[in-house]
Amino acid sequence: RTTTLACAACVSDAIVRVKCVDDPSPFSLHYSGKNEGPTRPFGFESGSYESLAANLPLFDPQLTSLRFQCLDYMRGMTIKEDGTFYPTIFNFDGSLTPHGGDLELINHLSIELALPRPYPRTESAMVTHAARLISGQNGAILEILPEFEYFRDIVFHFKHAVSGASQTPEGTEEGYVWLPTDATLKWTVKSVSTENKTLQYNVKAFRGHLQEFVDPSASNKEKSNAFSNFLSLFGKSKTARSKLSCADPTNIVNSCGEKFMKGKAKPVSVKNEDDILHLTNEELPTFGGVLTPADSERFLQFFTVPYLRIPLILDFFANGDPGRLVALKTKSLQLIVDAAIFEPGSWKPSDFYEQVTHIPIVSETKLQTMLSTPMGTLFNEIAKSPDTLVDCIIKMLERAVDMDVGRYSSKSSSGPLILYLSRLAVRIEGFLKYGLMKCSSPGEPRPRGLEFMENHKVEKAMKDLRHTLDSRVIPMLEYWIDPQRTSASGYNKNKKTSNVQKNVDVANLVHAHLIYLFKNYTFEEFDRRSISVLLSSQVYLSINHRFSSKAYDDLADSSDPSRPPPSIQIPQSEIFDIIQSKRYHLLKYMKANPDDCNAAMESVVRVATGTGTRTKRTDGQKLNIRQWNSIQHPTCFGRFVPNTEDEKLRDGSYRIPRPNENFEQWMLRVTTKEVGIEVNVQISEFTLQNHKMMLLDPSILAHKDFKYLRRTALRNARDVACAEVVHTTNRYHWRLVGQRYDVMSWSPDRRNYHSIKSVLNNSLYPRKFPNKLRGGESWVAEVLLEKLPLILPEVTLYMTSNDVTDAQS
């Protein structure tokens, strides 16, 4: 999120600096320094953005590269050739009171636009003047220069994403959907305090929630007491964005050492090997007993040399005692190793000129600055020794695959270990591929930091890694979810969940990783297997996995760091990113290769309906492969149906309006058109017999009337697959897949009683029930009398004058 908003701020800055040819904006001219007269350009600072992502693992090479490009741009727009800096504006993270460049720019614009300025022009008066103009309380600038307002809000969102407190109010009801309009900033001004009448910005958004920034002093105070729990390193905090590094030895020892976790010792500082050697066995973290004290001591020493830690850590697990490799099944070690590899570390700007003049370097700050990198430590390792890096990854992955027991179990070592190393291999492959792409573009300069990368080594390492994933990992994962091997074996009364639910959870986990294994595929690399895996797995997840709306992924949702990560073990944002980025290329490939498209669609049907694997049916039936095509209408591209469907549906002619059909009737008809089977690649949706398959709504699962069925017939299933039957104004109707149950949820009748009172009292319903029943109508009383007090208590029914004696038959 911070990198996205940083890119938006940089692009906006570049646009603002462009001089319009017909009517140049005064704001643009003054901001860029292109205005006539003795003016100078302005910029905005990166603030804490430089240090924020240095301690957060970035798994996407494009985001990593973009971060450094943004930092280069922001520094380049604020620094002069002589090393001094231009004035900067909108430093909201430093102070919500206008200062420095804000006052200078507003003064210039006031002169340019002939706006009244305070007299005498004291500093206090100019601050008040600037605060009112920038906030819009005085609309003299914003009304004339709306671009000023847009740029102000973009920079504010960027600064707040980096150094802001919570954007939304606490206690927001679960499931509340925020709209883009909720993010609109509402600006006013107020006095700093009752004693200090200096004006400061008062910015609100998201239901009027005050958009505050973190107090730097509070941030430093929290850092000094932040060793209570390892998971707090990735959790939410009052100083929201001030994250501690999971690859810092001090944080690891104080958060994972048994003695410190029990609160029996004060935090200690660990900066070098001597500090580690002085730790007792109780102070050394063993991560739930998966590492011996000797191995833990050696492991921690690698983190005291950040520049060299990546090859040292990977070699530690790839060679030697196999028990070390097995230790990577635990969530705590996975987080630490990920941090060591993917935290980009300190950034080295392009104008960095310091050199080593004496050894050793005593100042720790200077040492860290000297060891900083232009594109992060991982890219630095790829540029220097990609073969060593990948050799360790391949060796670890092959040793883990050799431990496979034929299925996934969170209680065994092999399953969580294999999945983690698969994720690690895919992420490393992504960085290799990105670096090779950037260094192989003819006529374009190499990125800073990759000038001396050896392309042939990177290319060979990338091919070796992909061969291991394709030949060993993917077939193994598909074997784990073969429906013939994972069929339910009943319900264990001593456990809270059924085997069916466990199998679905495992299948969700494996399908998520199958998608992830093709994360780095390009259009040129697509084939029948890759598109069938991507399509079938994403449709399976859309039916059987309940994605969360939380901003944080689920890696830190479990309280036991010695266990494997819960759920699908991959941040859902990464899954969405893969589906989104591959969708266009999937549609393009299927259009160019209809035979592969047909095979992939049949794979989706088999996987979604549980009738087979991706490659074959398991019920013994031999069915011909149908011809699948997208519905031939511009608004339906990506909705694939087979040639067994209605021809008017396939050619899109069903959307042609019928004679005397109004727009409402037409819309109802085209949106409820009967479909036997459809795969919507655009939104990963599978429709069978006009029923869209999905998970039952959480509010129904938690409803008191549904709890008995959930406990008895559904074996306390955490999620239930269903298909929409028909939804009306006051009723939702679902069919539970494979359960032979229908679920209906009714909402109250919201019609006004007074609007139907005349209908109830007219002559159409003259007979009071049951007093006015005729002799042959006694069957009505037999059906209703006992149930009526339960269904409609204290309600009187009236009947028409028609004789219903024979209606029983």
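Residues numbered from 1 in each chain as written. Predicted model: local features only at pLDDT ≥ 70, side-chain atom pairs only at ≥ 80, totals over all residues. Heavy atoms only, no water.

**Focus: the packing of aromatic side chains**
We count it as follows: Pairing of aromatic rings covers Phe, Tyr and the six-membered ring of Trp, with a centre-to-centre limit of 6.5 Å; geometry is then stacked below 30 degrees between planes, edge-to-face above 60, and tilted otherwise. A helix here means a DSSP run of H or I that spans at least four residues, while a strand means a run of E at least two residues long, and both kinds are numbered starting from the N terminus. Exposure categories follow from relative accessible area, calculated using a 1.4 Å probe and restricted to protein chains: below 20% of the type maximum is buried, above 50% is exposed, and the middle band is partly exposed. Distance and angle both matter: a charge sits over a ring if NZ of Lys or CZ of Arg is within 6 Å of the ring centre and within 35 degrees of the ring normal.
Summed over the entire model, instances satisfying the criterion amount to 35 aromatic pairs. With 5.0 Å between their ring centres and 80 degrees between their planes, F27 and F148 make a pair best called edge-to-face. Taken together, the residues F27 in helix α2 (residues 26–32) and F148 in helix α7 (residues 146–163) connect sequence positions 121 residues apart. Comparing F27 with F148 shows no difference in burial state: the two are buried. Between the aromatic rings of F156 and W187, the centroid separation amounts to 5.3 Å while the plane-to-plane angle is 70 degrees, which identifies the pairing as edge-to-face. Taken together, the residues F156 in helix α7 and W187 in strand β1 (residues 186–191) connect sequence positions 31 residues apart. A relative accessible area of 1% means that F156 is categorised as buried. In this structure, R67 is placed above the aromatic ring of F68, and the distance from its NZ or CZ to the ring centre is 4.9 Å.

**Let's talk about the pattern of salt bridges**
As a reminder, the rule being used: Should a side-chain nitrogen of Lys or Arg be within 4 Å of a carboxyl oxygen of Asp or Glu, the pair is scored as a salt bridge.
Applying the stated criterion across every chain, the model contains 26 salt bridges. Put simply, K519 and E574 hold a salt bridge, and the shortest N to O gap is 3.1 Å. Within this pair, whereas K519 is found in the loop between α21 (499–517) and α22 (528–544), its partner E574 is found in helix α23 (residues 572–592), the two being separated by 55 residues in sequence. Overall, the relative accessible area of 13% leaves K519 in the buried class. The buried category is assigned to E574, whose relative accessible area is 11%. By sharing partners, the salt bridges in this structure join D338, R427, K519 and E574 into a single network.

**Looking at empty space enclosed by the protein**
Inclusion rule: Grid points spaced at 1 Å over the protein atoms alone were grouped into cavities, where a 1.4 Å probe fits but cannot get out, and pockets, open sets with protein on both sides within 12 Å along at least five of seven lines, with lining residues defined by an atom within 4 Å of a point. Grid points are joined across faces, edges and corners, and a volume is the space filled by probe spheres set on the points. Asp, Glu, Lys and Arg are counted as charged, while Ala, Val, Leu, Ile, Met, Phe, Trp, Tyr, Cys and Pro are counted as nonpolar; the rest, among them Gly, fall into the polar class.
Across all of its chains, the model carries 3 cavities of 30 Å³ or more by this definition. There is about 50 Å³ of room inside the second largest cavity. Element by element, the count of residues in the lining of the second largest cavity is highest for helix α17 (residues 377–384), at 3 residues. Residues that form the lining of the second largest cavity fall into these classes: 7 nonpolar, 3 polar and 1 charged.

**Some points on helix α5 (residues 101–112)**
Inclusion rule: The span you would expect from a helix comes to 1.5 Å times its residue count less one. Residue contacts are defined here by distance: any two heavy atoms, one from each residue, within 4.5 Å place the two residues in contact.
Between its first and last C-alpha atoms α5 spans 16 Å; for 12 residues at 1.5 Å apiece the expected length is 16 Å, and the two agree. With 9 of its 12 residues buried, α5 lies for the most part within the structure. Regarding α5, the residues found buried are G101, D102, L103, L105, I106, N107, H108, L109 and S110. On its buried side, α5 packs onto α2, α6 (123–135) and α7.

**As for the environment of K582**
Stated formally: Pairs of N or O atoms within 3.5 Å make up the polar contacts considered here, provided that, within protein, one atom can donate a hydrogen while the other can accept it, and that residues adjacent in sequence are counted only when both atoms are side-chain atoms.
Mapping K582 onto the fold places it in helix α23. With relative accessibility at 7%, the residue K582 sits in the buried group. Residues K582 and K519, 63 residues apart in the sequence, show an inter-C-alpha distance of 8.3 Å. Ignoring any residue separated from it by four or fewer positions in sequence, one finds K582 in contact with F518, K519, Y521 and F526. Of note is the side chain of K582, whose polar atom sits 3.5 Å from the backbone oxygen of Y521.

**Thoughts on the confidence of the model for the protein chain**
Quick note on the threshold: Summary of the metric used: pLDDT quantifies the predictor's per-residue confidence within the range 0 to 100.
Per-residue pLDDT for the protein chain has a mean of 84; in total, 89% of the residues score no lower than 70. Scored below 50 in pLDDT, residues 217–242 makes 50 contacts in the model with residues more than four places away or belonging to other chains. Confidence drops under pLDDT 50 across residues 551–559; counting only partners more than four residues distant or on other chains, this segment forms 21 contacts.

**Remarks on the side chain of S135**
Here S135 shows up in helix α6. For S135, the side chain forms a polar contact with the main-chain nitrogen of Q137, separated by 3.3 Å. Leaving out residues up to four positions away in the same chain, S135 has contacts with L142, R152, W187, T188, V189 and Y201.

**Remarks on the sheet that holds strand β9 (residues 721–727)**
Convention followed: At least two bridges found by DSSP between two strands is the condition for calling them paired. As a rule, the C-alpha atoms of each element are fitted with a line to give its axis, helices using only the stretch in contact, and angles between N-to-C directions run from 0 to 180 degrees.
Across the sheet, 8 strands lie side by side as β4-β5-β6-β7-β8-β9-β10-β11; this open sheet has antiparallel pairing. Strands at the two margins of the open sheet, each flanked by one partner only, are β4 (628–630) and β11 (741–746). Within this sheet the neighbouring strands show an average axis-to-axis angle of 30 degrees, counted without direction. Relative to strand β6 (residues 677–680), strand β5 (residues 639–642) is paired through 2 bridges, and the arrangement is antiparallel. Residue pairing across strands places F640 opposite V679, the latter belonging to β6.

**A few points about the packing of α22 against α23**
In plain terms, the rule: Comment on the angle field: the value is read as roughly parallel under 35 degrees, roughly antiparallel over 145, roughly perpendicular from 65 to 115, and oblique elsewhere. Helix crossings fall into two classes, left-handed where the near helix is turned counterclockwise from the far one by less than a right angle and right-handed where it is turned clockwise.
In the contact formed by α22 and α23, the axes pass within 11 Å of each other and the chain directions differ by 130 degrees. With respect to α23, the axis of α22 lies oblique. By crossing handedness, the relation of α22 to α23 is classed as left-handed. Counting all contacts with α22, which are made through R528, I531, L534, L535 and Q538, the residues of α23 involved are I579, L586, Y589 and M590. Its residues assigned to classes, the contact of α22 with α23 shows 7 nonpolar, 1 polar and 1 charged.

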